Amino acid sequence: FIKTLLTASIDHLCKYLKVRLEIDMGIEQVKPEKDKVKEEAKESTEYETENGESESKKDDDVDNVKDEPKPEAIQNLKIHVCQVPGQYIELTGPETLEMVIEDFWKVAKPLELHYQFDMKSES
C-alpha cells in the first residue's frame, strides 16, 4: 500500500518501488564511486602505538566482503493498471496518477496498480 499525490509520475513510483523492494529484500544499493571511497576511509581505524605514534589500520573484514558473491538486483520494473480482470495495461514514464485515473480507472474505489520486475544476478 502506497499513499501519494495524484501528481506523482509513473517514473517516480517505479524508482520508489525499486528502492523500497531492494531494501526489503536486503539487496545492497549501488553507490557512486566517491561514496565508496568515503566509506572505505571511515572503515579504517586509528590506534596509538606503545611509543605514542598514531597508525591507521583497515579492517580485514572489508576485503573479505568483496570476495562474496554479489546479491541480485531489480531491473525492468513495470507498473500496470487492470481495468478488466486478467487484462493488464502497462503504464509509462511521465504519465501522472491523475492521468491514469482519468484514462483507466472508472470505478469509485482507490486506484489499484500492479507491478512486475526481473531479478538480475550481478557478478
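Keep in mind the model is a prediction, meaning the values are calculated, not measured. (Residues numbered from 1 in each chain as written. Predicted model: local features only at pLDDT ≥ 70, side-chain atom pairs only at ≥ 80, totals over all residues. Heavy atoms only, no water.)

Participant: Just checking my understanding: could you explain the overall build of the protein chain for this structure?
Facilitator: For the protein chain, the count of helices and strands is 4 helices and 5 strands. Looking at the 123 residues of the protein chain, the share that counts as buried comes to 21%. Considering only residue pairs separated by 6 or more positions, the protein chain has 59% of its internal contacts joining residues 24 or more positions apart. Split by element, the accessible area of the protein chain, about 9700 Å² in all, is 50% carbon and sulfur. (Helix = DSSP H or I, 4+ residues; strand = E, 2+ residues; numbered from the N terminus. Buried < 20%, exposed > 50% of the residue type's maximum accessible area, 1.4 Å probe, protein only. Contact = heavy atoms within 4.5 Å. Areas by Shrake-Rupley, 256 points an atom, 1.4 Å probe, with all protein chains shown as cover.)

Participant: What is the right way to read the pattern of salt bridges from this model?
Facilitator: Note that side chains of opposite charge can pair when their charged atoms are close. As enumerated under the stated definition, the model contains 3 salt bridges in all. Here R20 and D24 are joined by a salt bridge, their closest N and O atoms 2.8 Å apart. Within this pair, R20 and its partner D24 are both found in helix α1 (residues 10–25), separated by 4 residues, close to a single helical turn. Judged by relative accessible area, D24 falls into the exposed class, the value being 53%. (Salt bridge = Lys/Arg side-chain N within 4 Å of Asp/Glu carboxyl O.)

Participant: Teacher, can you tell me more about the sheet that holds strand β4 (residues 87–91) here?
Facilitator: Strands in a sheet are paired, the pairing made by backbone hydrogen bonds, and the direction either parallel or antiparallel. With respect to topology, 3 strands assemble into an open sheet ordered β4-β3-β5, the strand pairing being antiparallel. Each end of this open sheet is capped by a strand with a single partner; those strands are β4 and β5 (113–121). Ignoring which end each strand starts from, the neighbouring axes of this sheet average 40 degrees apart. The sheet contact formed by strand β3 (residues 72–84) and β5 spans 8 bridges and is antiparallel. Following the sheet pairing, I74 is matched in β5 by M119. Packed on one face of the sheet, α1 meets β3, β4 and β5 and runs near 125 degrees to β3. (Pairing = 2+ DSSP bridges. Axes fitted to C-alpha atoms, helices over the stretch in contact; angles between N-to-C directions.)

Participant: What should I look at first to understand helix α4 (residues 97–104) in this one?
Facilitator: Each α-helix turn comprises 3.6 residues. Residues three or four places apart therefore point the same way. Of the positions making up α4, those classed as buried are L97, V100 and F104. Taken down its axis, α4 places every buried residue within 55 degrees of arc, on the same side. Here the buried face of α4 lies against α1, β3, β4 and β5. (Arc of directions from axis to C-beta.)

Participant: Explain the environment of T96 here, please?
Facilitator: Along the chain, the position of T96 falls in the loop between β4 and α4. By relative accessible area, T96 is classed as buried at 17%. Once the C-alpha coordinates of T96 and H12 are considered, the two residues, 84 residues apart in sequence, prove to be 9.3 Å apart. The contacts of T96, once residues within four sequence positions are left out, are L6, T7, A8 and S9.

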